[in-house]
Amino acid sequence: RFDGKVAIAQGNLEDIFKTLQIFRLDDFARGFEPPDYGSAADVRPIAVGLPQARLLDQLRRFSEINALLRQVGNQRQNLTIPELADVRGIFNGNISFAASLQTGVKAEFDLQGQNVEWRPYPAFAEVSQGQVTQNLNRVLRAEQVIARGSFEDGVINLLPLRLQSGESFISFSGNLGGANPSGQLQVANVPIEEINNLYPLPLGVSGKLNATATLSGTSNNPFAIGEVTLADGNLNGTPIQSATGSFNYSNARLNFGSAIKISSPEPLNIAGDIPLKLPFSSVFPSSNQISLTVDVKNEGLALLNLLIPQVAWQSGTGQVQLQVNGTLLQPNVTGSAVIANATIAAQALPEPLTGVNGTIRFLSDRINVERP
């Protein structure tokens, strides 16, 4: 048997992750079990040059290799799902531990970090016209980090892990490692700009994100269910009255529903079911098919002005119902838009169109406009 205590002053988080051999997010799934490394044969380089070819052919091959490296660099820069466990910062705290051959290792810890950074994506460098450029790795920063909990039987029990900057915080309480991780996640007042660093959003959304989620399942097939709200939100510069949503994640698919309201009583409703494989999960989606529905009517149609600035809905009544199927790479849009006595302005027209009536049908690769 042995036991002891460790007092840490001005330690480096990088040293802890190196000691535990944790470099990627999926490394957390094995807990404190040592990694299973491959052999030198697994990383044997493959020759890509043409040393015996004519100079012109060698130059062509050199150009092809550079083009491939640029393509790989662009793919890394556009990553949307975090991969790395690259955490940096200074921390202080205490760890007490006890162990024996019969009971294994048990430990309790109370750690505090300052100015902690998480760099979730690979950095890369590119040489162009003699100049070396390196991507500005997207970084999530926290002024303070608190980690309290215990370790037993290969499972880390966090009570809690909390990251905070000003009034913004992310807190997780639960178990990591083992066969059945579980926990509660709470997000409060996190600026959307920080989310954009991790997962770039397609629209000009700003505000503060609040969310709660319950996590369960297994380390290879996690399950999550939760709710999301947006406070002090703006969409392309227009204030958002309310924005709420709910989601669940199961078997590598994300199901969600949301309602966005600007200034009218009619919200824009969006629901969907899309494939989404997490990097540490071994479960793949059952298919790459997507399913999205969009439903908005009457005053709520003004929301479409924010999404399609070339066309502005000014007044009238109507309803838009769209269904998007297919895949993310080849979406298939069907549905209809029915409008009555509408006034619509367009950038391509000198004057707004008034008294517009009719039905627009979206039929996959074409649009039919029907008069009343």
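Report on the accompanying structure. (Residues numbered from 1 in each chain as written. Predicted model: local features only at pLDDT ≥ 70, side-chain atom pairs only at ≥ 80, totals over all residues. Heavy atoms only, no water.)

1. Thoughts on the nonpolar core
Phase 1: Within the largest apolar cluster, 19 residues are counted, with the highest numbers of intra-cluster contacts made by F109 and L111.
Phase 2: Those elements giving two or more residues to this core turn out to be α1 (13–19), β2 (86–100), β3 (104–119), β6 (140–152) and β7 (155–165).
Phase 3: Each residue touching L111, except ones within four places of it in the same chain, is listed here: I8, F91, N92, G93, N94, I95, V145, I146 and A147.
Phase 4: Within the second largest apolar cluster, eleven residues are counted, among which are V296, W313, I344 and V356. (Core = buried A, V, L, I, M, F, W, Y, C linked by side-chain atoms within 4.5 Å. Buried < 20%, exposed > 50% of the residue type's maximum accessible area, 1.4 Å probe, protein only. Helix = DSSP H or I, 4+ residues; strand = E, 2+ residues; numbered from the N terminus. Contact = heavy atoms within 4.5 Å.)

2. A few points about the packing of aromatic side chains
Phase 1: Taken as a whole, this structure holds one aromatic pair when the rule is applied.
Phase 2: Against the face of F169 rests R162, its NZ or CZ located 3.9 Å from the ring centre.
Phase 3: Here the guanidinium or amino end of K277 rests over the ring plane of F284, the centre of that ring lying 5.0 Å away. (Phe/Tyr/Trp six-rings, centres within 6.5 Å; stacked < 30°, edge-to-face > 60°. Lys NZ or Arg CZ within 6 Å of the ring centre and 35° of its normal.)

3. A closer look at the pattern of salt bridges
Phase 1: Scanning the model with the defined rule gives nine salt bridges in all.
Phase 2: Across the pair R60 and D57 runs a salt bridge, and its minimum N-O distance is 3.7 Å. Of this pair, R60 and D57 both sit in helix α2 (residues 55–77), separated by three residues, roughly a single helical turn.
Phase 3: With relative accessibility at 24%, the residue D57 sits in the partly exposed group.
Phase 4: In this structure, D273 engages R253 in a salt bridge whose closest nitrogen and oxygen atoms are separated by 3.0 Å. Of the two residues, D273 is situated in strand β15 (residues 268–275) and R253 in strand β14 (residues 253–261); the sequence distance between them amounts to 20 residues. (Salt bridge = Lys/Arg side-chain N within 4 Å of Asp/Glu carboxyl O.)

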